[in-house]
Amino acid sequence: MAVRTIDVRERIMARNDELAEQVRERLHASHVPALNLVSSPGAGKTLMLERTLADLGGELVLSVITGDVQTQNDADRLARHTDRLVQAVITAGACHLDARQILTALDAIDLDATDLLFIENVGNLVCPASWDLGESAKVVLFSVTEGEDKPVKYPKMFQQARTVVLTKLDLLPHVPFRVERAVEYCRQVNPALEFLSTSALQPEGLQEWYAFLWAQVRSKQPPRTVR
Ligand SMILES: Nc1nc2c(ncn2[C@@H]2O[C@H](COP(=O)(O)OP(=O)(O)OP(=O)(O)O)[C@@H](O)[C@H]2O)c(=O)[nH]1
Ligand SMILES: [Mg+2]
């Protein structure tokens, strides 16, 4: 008997790309930049968002979708810093968010009243790289505790991203991590990457990040909620 093979993965990815396009159209119609934060587990995505909501939430309307494999811990942490609804997506074992989940989450977000949308992806340097969520850009958080060679070990993530945010720079004196070496590895896999340096635990540690966020908002439209 003849064998018939169906490439299920290709079909799933093609469907995801269609849904991602719908997300992109909705974001575009409301002039909302969307940043998909990706990293290995524990690189500092949630803490950076907690600080961002607390520090910029009075000036910009920030919406958040956060993905977790099994809990809604991150959403609970973030909800303490904003009056707005934080959309928790529990992926029930999946190692990434997909475009259908984002599309569903958008139904509960008033995009016309949003200046900037954050998507905190599942902590994983492999799976989220392959899934288009319709975001404006993927932003990789790369902490100084991870070792400099992550970009060459997990190149797809760094190739898909536009920006690398180096995190936990306050720990630099305590770990064998050379920033120049890490940047060199990043550039080996993606010469177009831009870099930000941050520490969520130091008072001035997120200034570059905040300037970057304002630039994203301004690139789409004047903010609606500046006081
Ligand atoms: N020293 C230091 N610790 C940090 C910094 N940012 C985050 N941490 C700590 O790193 C740990 C992980 O931070 P999270 O914000 O939960 O990291 P995450 O990327 O959201 O983790 P997952 O969602 O599990 O992938 C926590 O104990 C944070 O307090 C930083 O800038 N400096
Ligand atoms: Mg988190």
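Residues numbered from 1 in each chain as written. Chains lettered and ligands numbered in written order. Predicted model: local features only at pLDDT ≥ 70, side-chain atom pairs only at ≥ 80, totals over all residues. Heavy atoms only, no water.

1. Quick look at the overall build of the chain
Of regular secondary structure, the chain possesses eight helices and seven strands. Computed over the C-alpha atoms, the radius of gyration of the chain is 18 Å, within 12% of the 17 Å expected from 2.2 N^0.38 for a compact globule of 227 residues. Along the first, second and third principal axes, the C-alpha set of the chain runs to 70 × 40 × 35 Å. Counting the 227 residues in the chain, one finds 50% classified as buried. Sequence separation of at least 24 residues holds for 75% of the intrachain contacts in the chain that already meet a minimum separation of 6. Total accessible area computed for the chain in this model is approximately 11000 Å², and 51% of it derives from carbon and sulfur atoms. (Helix = DSSP H or I, 4+ residues; strand = E, 2+ residues; numbered from the N terminus. Rg over C-alpha atoms; globule rule 2.2 N^0.38 Å. Buried < 20%, exposed > 50% of the residue type's maximum accessible area, 1.4 Å probe, protein only. Contact = heavy atoms within 4.5 Å. Areas by Shrake-Rupley, 256 points an atom, 1.4 Å probe, with all protein chains shown as cover.)

2. Observations concerning the nonpolar core
Judged by nonpolar contacts, the single largest core of 27 residues is most densely connected at Leu35, Leu37, Phe118, Val139, Trp209 and Leu213. With six residues, helix 8 (residues 207-220) is the largest single contributor of residues to this core. Among the nonpolar cores identified, the runner-up in size contains 21 residues, and Ala20, Val32, Leu111 and Leu117 belong to it. (Core = buried A, V, L, I, M, F, W, Y, C linked by side-chain atoms within 4.5 Å.)

3. Re the pairing of strand 5 (residues 137-143)
With seven of seven residues buried, strand 5 lies mostly within the body of the structure. Across four bridges, the pairing between strand 1 (residues 34-38) and strand 5 is parallel. Within the sheet, the bridge partner assigned to Leu35 lies in strand 5 and is Ala137. By the bridge criterion, five bridges tie strand 5 to strand 6 (residues 163-167) in an arrangement that is parallel. Across the sheet, Leu141 pairs through a bridge with Val165, a residue of strand 6. (Pairing = 2+ DSSP bridges.)

4. Structural notes on the state of the cysteines
Inspection of the entire model under this criterion finds one disulfide. Through a disulfide, Cys95 is tied to Cys127; the S-S separation comes to 2.1 Å. Here Cys95 and Cys127 share a disulfide; its torsion about the S-S bond, -95°, makes the bridge left-handed. Here the residue Cys95 occupies a position in the loop between strand 3 (86-90) and helix 4 (99-106), and Cys127 occupies one in the loop between strand 4 (116-120) and strand 5, the gap between them amounting to 32 residues. (Disulfide = S-S within 2.5 Å.)

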